[in-house]
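Structural characterization, general
As a plain string of letters, each chain reads:
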Amino acid sequence: MHRGKYTVNEVEDRTSVPAGTLRQWERRYGFPRPERSSSGYRLYSEEDLRGIEAMKRHIADGVPASRAAELVQRPFEDVAHDAPRPPEALRDSLLAALMDLDETGADRILSEAHALHPLEVVLVSIIQPTLVELGELWHQGKVATTTEHVASSYLHGRLRSLLSLTTSHRSNPEIIIACAPLDQHELGALMLAVLLRRQGYRVTYVGANTPVEDLLMLAQQHQPLAVMISASTTESLRALREHGDALRSAPTRKFFGGAAFNAHPDAAREFGGHYLSDNVVDAIPRFDALVRSAEEELA
Ligand code: B12
């Protein structure tokens, strides 16, 4: 039926989609899937050409290539009813993909999420609730520990690469971010690092399980604008308390957050610092306001 008749170069001429891109789409998304000539050359049909044009239009409309490929491969009546998916729907799909250990599916959903929604929404309304729900399911014994580990390590990788994509100038004010001692939960701290870098701050991201003495020594050497500490477990909050005196007397601005502080916000004051918020998006303007008012006081 759909006889292949155009070579990849002819398709490039007709659609202006470079041959390399066509081959990449085929490899990554399984579309287009041209026939092969007896000597192995790709041969595209009229229908392939129409699909490629449709894919181009979707991409120009801001739809990620992976989703565009799905759309062009589905019947038209289905496509007509498709609207941009809201964060809740993307969160459900992300959870389902992670529960299936389907990292390629999760990649596709996150590309769609980034194309449709601002980064803040992707972090706080899609990734954060997915993790909380996953933790809840794990707690109820409905998700295996291995699944939860694969999912959180996948999201850790995604957040790490977001962080490496956001750079900030050396001359901007520095913020040091670390997790409390004994605390391996670093996804919240990573989100904070990503958003603060986007805000222009120079972030030194120390990461999980950071001994208090070492963190305070780094702060003494760098003299940052602030040190931010994330604690998720009762155990890590207890570990911070063991170093309460050192924290309190350290001459640096300190901010605390994470699940353990969300449950005990007053603990931040014990350590001579501030609790900001239970989510990074609200935490940042609050931090800016506190720093500004401290600077005005000094002026
Ligand atoms: C993923 C996860 C893990 C992963 C972490 C992977 C990683 N690289 O981070 C792994 C598998 C390592 C893990 C291990 C453990 N975990 Co765990 N884990 C979770 C889970 C499912 C999600 C945590 C998460 O990432 N949430 C999403 C992030 C984005 O949310 P968040 O941390 O709250 O951060 C947001 C805000 O709080 C804020 N924020 C965070 N930090 C900061 C800092 C500042 C300064 C500011 C301003 C804001 C801010 O911004 C973030 C974004 O809005 C939770 C379940 C849950 N309900 O949260 C359990 C949970 C945190 N884990 C728990 C436990 C018990 C453990 C283990 C002891 C399990 C075990 N038996 O081995 C170990 C302990 C390891 C250790 N020593 O730390 C408990 C903690 C209970 C408690 N109160 O102590 C929870 C709540 C699960 C449960 N219901 O029992 N875990």
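Per-chain numbering applies: the sequence of each chain, read as written, is numbered from 1 onward. Reporting in this predicted model follows two pLDDT cut-offs: at least 70 for local features of residues, and 80 or more for side-chain atom pairs to be given and counted; totals over whole chains, interfaces and linings ignore these cut-offs and use all residues. Hydrogens and water are ignored here; the side-chain numbers use all heavy atoms of the structure.

Let us now look at the domain arrangement of the chain. Domain extents, as shown, originate in an automatic or database domain assignment. Domain parsing of the chain yields domain 1 (8-80), domain 2 (87-162) and domain 3 (168-298). Its C-alpha centre places domain 2 at a distance of 25 Å from the equivalent point of domain 3. The contact criterion used is simple: two residues touch if any of their non-hydrogen atoms lie within 4.5 Å. Contact residues are listed per partner, giving 13 residues for domain 2 and 12 residues for domain 3. When two components associate, each loses some accessible surface as probed by a 1.4 Å sphere; the sum of these losses over both components is called the buried area. Surface buried jointly by domain 2 and domain 3 totals about 1,100 Å² across both partners, of which 79% is contributed by carbon and sulfur atoms. The term salt bridge refers to a pairing of a side-chain nitrogen on Lys or Arg with a carboxyl oxygen on Asp or Glu at a separation within 4 Å. Taken together, the links from domain 2 to domain 3 amount to 1 salt bridge. By the criterion applied in these results, polar contacts are pairs of N or O atoms within 3.5 Å in which, for protein atoms, one can donate a hydrogen and the other can accept it, and in which residues neighboring in sequence qualify only through two side-chain atoms. Counting across the interface, domain 2 meets domain 3 through 2 residue pairs in polar contact (both at pLDDT 80 or more). For the side of domain 2 that touches domain 3, the elements supplying multiple residues, two or more each, are α8 (119-139) and α9 (145-165). By definition, any uninterrupted DSSP run of H or I lasting at least four residues is a helix, any uninterrupted run of E lasting at least two residues is a strand, and each is numbered from the N terminus. A total of 7 residues in the side of domain 2 that touches domain 3 trace back to one element, the largest contributor, which is α8. Here the side of domain 2 that touches domain 3 is composed, by residue class, of 8 nonpolar, 3 polar and 2 charged. Side-chain classes are defined by residue name, with Ala, Val, Leu, Ile, Met, Phe, Trp, Tyr, Cys and Pro counting as nonpolar, Asp, Glu, Lys and Arg as charged, and the others, Gly among them, as polar.

As a further point, take the side chain of S277. The residue S277 is located in the loop between β7 (274-275) and α16 (280-298) in this model. Polar contacts involving the side chain of S277 include one to the main-chain amide nitrogen of N279, which spans 2.9 Å.

Another aspect to go through is the coordination of the cobalt atom of the ligand. For a metal with four tetrahedral donors the ideal donor-metal-donor angle is 109.5 degrees, whereas six octahedral donors ideally subtend 90 or 180 degrees. Of all protein atoms, H185 (NE2) alone acts as a donor to the cobalt atom of the ligand, lying 2.2 Å away. Among the secondary structure elements, H185 is positioned in the loop between β3 (174-179) and α10 (187-198). Counted as donors are N, O and S atoms no farther than 2.8 Å from the metal, or 3.2 Å for Na, K and Ca; water is not among the atoms, and sites may therefore look incomplete.

This paragraph deals with the packing of helix α7 (residues 103-116) against α8. Lines fitted to C-alpha atoms define the axes, with helix axes restricted to the stretch in contact, and inter-axis angles between N-to-C directions lie between 0 and 180 degrees. With their axes 8 Å apart at the nearest point, α7 and α8 run at an angle of 135 degrees to one another. As judged from the angle between their axes, α7 and α8 are oblique. Crossing handedness for the pair α7 and α8: right-handed. Of the residues in α8, those touching α7 at L110, A113 and H114 are L119, V122, I126 and I127. Looking at the contact of α7 with α8 residue by residue, the classes come out as 6 nonpolar, 1 polar and no charged. For classification purposes, an angle smaller than 35 degrees is called roughly parallel, one larger than 145 roughly antiparallel, one from 65 to 115 roughly perpendicular, and anything else oblique. Crossings are assigned a handedness: left-handed for a near helix turned anticlockwise from the far helix by less than a right angle, right-handed for a clockwise turn.

Once that is clear, we can look at the sheet that holds strand β5 (residues 226-230). Taking strand neighbours across the sheet as the criterion, the 5 strands line up as β4-β3-β5-β6-β7 in an open arrangement whose pairing is parallel. Edge strands, defined here as strands with exactly one partner in the open sheet, are β4 (202-207) and β7. Between any two strands, at least two bridges found by DSSP are needed for them to pair. Two strands pair when backbone bridges link them, and β3 and β5 are joined in this way by 5 bridges, in the parallel orientation. Note that in β5 the partner of C179 across the bridge is S230. Together, β3, β4 and β5 form the strand contacts of helix α11 (residues 212-222), whose direction differs from that of β3 by roughly 175 degrees.

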